[in-house]
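For reference, the chains in residue letters:
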Amino acid sequence: MGKKVVTLGEIMLRLSTPGNTRFVQSDSFDVVYGGGEANVAVSCANYGHDAYFVTKLPKHEIGQSAVNALRKYGVKTDFIARGGDRVGIYYLETGASMRPSKVIYDRAHSAIAEADAADFDFDAIMEGADWFHWSGITPAISDKAAELTRLACEAAKRHGVTVSVDLNFRKKLWTKEKAQSIMKPLMQFVDVCIGNEEDAELCLGFKPDADVEAGHTDAEGYKGIFQQMMKEFGFKYVVSTLRESFSATHNGWKAMIYNGEEFYTSKRYDINPIIDRVGGGDSFSGGIIHGLMTKPNQGAALEFAVAASALKHTINGDFNLVSVEEVEALAGGDASGRVQR
């Protein structure tokens, strides 16, 4: 039986250059919809949960197209407020080899950035929910969106809902000083904290003893920081992905989880070639949410999440369009990529 999962954030119109062409070369864009928490909702819906995405979108056809994109994959849109003028846009140029991917945002004054508390009944939204997920992108959008995030967290706690955050620092949206002033007070509501080493440093002021740029993601460097974070904020779980970037199309990928008693490091995946890494972290969040709700222990939950996100790197678009069975097959050791017939 699926659980009720709620996510809050912005879904955007994504305009990406075809293939690996550059912005200045392209005469057309491929259109998909996506955004941190919307991507998590799609993952959870794929795994059989009642996934609700909460946002505000204009009443016009582009707003409706975003709603339809969610409905297509089974996400429940009952709590999406309609109004405002803009759907946020982001442009994506997909890199290759030593040329990195690029994102250009055009999301100022979007409907959710200017939404008011009156647009949502968070008590109704959290009624009967098992899990609430948000990310650091949402409070970074605007001060109004930060206020919505706080109200949603407070309602989740009133209804006994487990709360997870993906720290997701976005330097194009805010400074680390502003991020810490908003994010630190919100941590009192969080049970499960997800983020990589850079997010933890920029959002919460914690720095691991690891040289990440050089690819030295030594698990030992994370243990101390996980313990400090748990001590300061009272998290039940601290989770981090460990990405080794060899090139834009070749990454190593694993993760760590800590429950206050023991650390668990997942197996490592060598992802080459990467088809689309946008949404990789969101697919990990969706996997860890499913794993912690359904698996017998944190290790099994983490292996599910890492396998799910490894698969996402092979799929075009923001959404991770995989089933529980496909993730389990990879987590169970089948990474051959052989045709299944």
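Each remark here, short or long, concerns the structure printed above.
Residues numbered from 1 in each chain as written. Predicted model: local features only at pLDDT ≥ 70, side-chain atom pairs only at ≥ 80, totals over all residues. Heavy atoms only, no water.

The next point concerns the sheet that holds strand β3 (residues 30-34). Within a sheet, adjacent strands bond to each other through the backbone by hydrogen bonds, running parallel or antiparallel. Here we have four strands laid out as an open sheet, ordered β3-β2-β7-β8, and mixed in their pairing. The open sheet terminates on both sides in strands that have one partner only, identified here as β3 and β8 (102-106). Between one strand axis and the next, the sheet turns by 25 degrees as a mean value, whatever way the strands run. Bridge count for strand β2 (residues 12-16) against β3 is five bridges, and the pairing is antiparallel. Looking at the pairing, Leu15 lines up with Val31 of β3. (Pairing = 2+ DSSP bridges. Helix = DSSP H or I, 4+ residues; strand = E, 2+ residues; numbered from the N terminus. Axes fitted to C-alpha atoms, helices over the stretch in contact; angles between N-to-C directions.)

Looking now at the pattern of salt bridges. The final tally for this structure, using the stated rule, is 18 salt bridges. Here Glu10 ties to Arg107 by a salt bridge, and the two come within 2.9 Å at their closest N and O atoms. Residue Glu10 is found in the loop between β1 (4-8) and β2, and its partner Arg107 is found in the loop between β8 and α3 (122-126); the two are separated by 97 residues along the sequence. Residue Glu10 is classed as buried on the basis of its relative accessible area, which comes to 3%. In this structure, Lys178 engages Asp143 in a salt bridge whose closest nitrogen and oxygen atoms are separated by 2.8 Å. Highlighted residues: Lys178 in helix α6 (residues 176-186) and Asp143 in helix α5 (residues 143-158), separated in sequence by 35 residues. Take Asp143: its relative accessible area is 52%, and that puts it in the exposed class. Connected through salt bridges with shared partners, the residues Arg14, Asp276 and Asp318 form a single ionic network. (Salt bridge = Lys/Arg side-chain N within 4 Å of Asp/Glu carboxyl O. Buried < 20%, exposed > 50% of the residue type's maximum accessible area, 1.4 Å probe, protein only.)

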